Each structure stands twice: as structure tokens, then as C-alpha cells.
Amino acid sequence: MKEAKIKFTTLAFEYVKKPERQNLAKRLNCDFVLSIHFNSASNPQADYSLAIYNKPQAKQAAKELAELCATLFTYPKNHKVVNVREWNRASFISKYEMPCVLLEICFISNSQSALFLHGNQRAVAKMVAAKLLELAIKNHWSVVGIDPGHLHRGYPDPGARCVMGDTEAQHVESFVEMLYDGLEELSRQGDVKIVLEF
């Protein structure tokens, strides 16, 4: 096994004010932060992968993550649109000092996307884990922070409502756990030591 080691750490699995997550990322010396979300819209046909980045250094990672999510949801005849854009001043990711990407994996207000996600969430999480590891190696990130969006235990913040009856927060919680399972599997198979911290 190579000497390279990459740590993936969850910034919060309980409610904390957003600045505390950003301060924690700074204390942990995170080189990059991925904030995981699922999207929703009043238009039930809305369906694309969105990645918002806070610094120019994160633009390529945002593009690659959004494109990956778009290719995983392959059921439409017309391929999913990828939307990659820079943060605005109101966005909480602007407060992260290190490069950060907010990834909206799919629209859970879209019945096709929600149905696909329910049946394939583990496979999607595994592919995102592989892409995140690839990006970490390519960009020489030693510590990657995982920011689980809307996942505030003990605090009523369910996030978007899924047409299947559950919530964004529930999807994020299970997705992050599956993401870590994917990283653990990659650690057993690969040449890079991966350290996982919840």
C-alpha cells in the first residue's frame, strides 16, 4: 500500500449552527468540503444535477461531480442537464475558507428521479465515493469534509419533500452512510489508505 493517506470526516450529524460546521472544517484542516443535498421544485418535471462551488479551485470538482450524477440517472431519452455555477453571497458555502461544492444529486420532487434513487441509492453513493476519492488523489487533498445537508437530529429541518413520502434529510442520512460504505470498500481494494471518521 502506498504511503498516501486521505481522511474523510463528517462535519456534523447533529444540529449545529452553520458557522460551527465551517469552523470545524477549518480546525480539521479540510482541503475540500462536499455538502450533499437533494433538490426539489414546484415543477414536477424539473430534473438536472446541480453543483455550486465557492472558489475557482472547486469549479472542476463541481463539474465532474455534477456530470457523474447526470450520467447515473440515465432513464430519460434526453440526457439530464448539468448545472454548475459559482456561489452567491447568500449561500452558506461562501463561508467555507477551503474549496467547497454543494452537490444537489437529483430532484426528489421528480417521480422518475425519486423512484430511481429509491432503488439505486447505494449504487449512486458508491459511484460518488469513487469520484470523490479520484478527485482527492488528483488534487492532493489529505482531509475531505462531508457536510450532510439538512441532517440535524433533534431539530425540525427535513429539507425538501420527496414524492415517495420521505424527506431530503432522510435521503442525506442514508446516502452519507452508503458513501462511507463505498469508501471503506475502496480502501480495501486500492493503493491509498482511507481513514473514515463520522
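Every value quoted in this text rests on a predicted model; they were computed, and no experiment measured them.

Moving on: the packing of aromatic side chains. Under the criterion given, the structure shown has three aromatic pairs. Plain terms: the ring middles of Phe 32 and Trp 141 are 4.1 Å apart, the flat faces sit at 5° to each other, and that makes the pair stacked. Highlighted residues: Phe 32 in strand β2 (residues 32-39) and Trp 141 in the loop between α3 (111-139) and β6 (143-148), separated in sequence by 109 residues. Trp 141 gets classed as buried once you look at its relative accessible area, which sits at 9%. Arranged with centres 4.9 Å apart and planes meeting at 65°, the rings of Tyr 48 and Phe 107 form a pair that is edge-to-face. Here Tyr 48, found in strand β3 (residues 48-53), pairs with Phe 107, found in strand β5 (residues 100-107); they are 59 residues apart in sequence, far enough to count as distant.

What follows deals with the packing of α3 against helix α4 (residues 168-189). Between α3 and α4, whose axes approach to 8 Å, the crossing angle comes to 50°. Compared by their axis directions, α3 and α4 come out oblique. Seen along the crossing, α3 lies across α4 with a hand that is right-handed. From α3, Leu 117, His 118, Gln 121, Arg 122, Val 124, Ala 125, Lys 126, Val 128, Ala 129, Ala 130 and Leu 133 reach across to α4, where they touch His 171, Ser 174, Phe 175, Met 178, Leu 179, Asp 181, Gly 182, Leu 183, Glu 185 and Leu 186.

Of all hydrophobic cores here, the largest spans 46 residues; its most connected members are Phe 8, Phe 32, Leu 34, Val 101, Ile 105, Val 144 and Ile 146. Those residues within four positions of Ile 105 in sequence are excluded, and the remaining contacts are Ile 36, His 37, Phe 38, Ser 49, Cys 69, Phe 73, Val 124 and Phe 175. Membership of the second largest hydrophobic core comes to 14 residues, among which are Leu 11, Val 33, Ile 52 and Leu 102.

Now for unusual backbone geometry. A positive phi is found at Asn 29, a non-glycine position, where the angle reads about 60°. With respect to the secondary-structure elements, Asn 29 resides in the loop between α1 (18-27) and β2.

Assignment of secondary structure puts Ser 49 in strand β3. For Ser 49, a relative accessible area of 0% gives the class buried. Among the polar contacts listed, one links the side chain of Ser 49 to the backbone nitrogen of Ala 70, at a separation of 3.3 Å. Polar side-chain contacts of Ser 49 include one of 3.3 Å to the backbone oxygen of Ile 105.

Where helix α2 (residues 59-72) contacts α3, the axes come no closer than 10 Å and their chain directions differ by 150°. Between α2 and α3, the angle falls in the class roughly antiparallel. Here the hand of the crossing between α2 and α3 comes out right-handed. Note on element contacts: α3 touches α2 through Phe 116, Val 124, Met 127, Val 128, Lys 131, Glu 134, Leu 135 and Lys 138, opposite Ala 61, Glu 64, Leu 65, Leu 68, Cys 69 and Leu 72.

Turning our attention to the pattern of salt bridges. Under the definition given, this model contains eight salt bridges. A salt bridge links Asp 147 to Arg 21; its shortest N-O distance comes to 2.2 Å. Residue Asp 147 is located in strand β6, and its partner Arg 21 is located in helix α1; the two are separated by 126 residues in the primary sequence. By relative accessible area, which is 2% here, Asp 147 ends up buried. In this structure Arg 21 comes out as buried when scored by relative accessible area, which is 4%. Here Glu 134 ties to Lys 131 by a salt bridge, and the two come within 3.1 Å at their closest N and O atoms. Of this pair, Glu 134 and Lys 131 both sit in helix α3, three residues apart, roughly one helical turn. Judged by its relative accessible area of 39%, Glu 134 falls in the partly exposed class. Through salt bridges with shared partners, one network takes in Glu 64, Lys 131, Glu 134 and Lys 138.

Next up on the list: α4. End to end, α4 covers 31 Å across 22 residues, agreeing with the expected 32 Å (1.5 Å per residue, within 8%). Those residues of α4 that fall on the buried side of the exposure criterion are Glu 168, Ala 169, His 171, Val 172, Phe 175, Val 176, Met 178, Leu 179, Tyr 180, Gly 182, Leu 183 and Ser 187. Among the structural elements, β1 (5-10), β2, β5, α3, β6 and β7 (193-197) are those in contact with the buried residues of α4.

Scoring rules and cut-offs
- Residues numbered from 1 in each chain as written.
- Predicted model: local features only at pLDDT ≥ 70, side-chain atom pairs only at ≥ 80, totals over all residues.
- Heavy atoms only, no water.
- Phe/Tyr/Trp six-rings, centres within 6.5 Å; stacked < 30°, edge-to-face > 60°.
- Helix = DSSP H or I, 4+ residues; strand = E, 2+ residues; numbered from the N terminus.
- Buried < 20%, exposed > 50% of the residue type's maximum accessible area, 1.4 Å probe, protein only.
- Axes fitted to C-alpha atoms, helices over the stretch in contact; angles between N-to-C directions.
- Parallel < 35°, antiparallel > 145°, perpendicular 65-115°, else oblique.
- Left-handed = near helix turned anticlockwise from the far one by under 90°.
- Contact = heavy atoms within 4.5 Å.
- Core = buried A, V, L, I, M, F, W, Y, C linked by side-chain atoms within 4.5 Å.
- Polar contact = N/O pair within 3.5 Å; in protein donor to acceptor, adjacent residues only side chain to side chain.
- Salt bridge = Lys/Arg side-chain N within 4 Å of Asp/Glu carboxyl O.
- Expected span 1.5 Å × (residues − 1).

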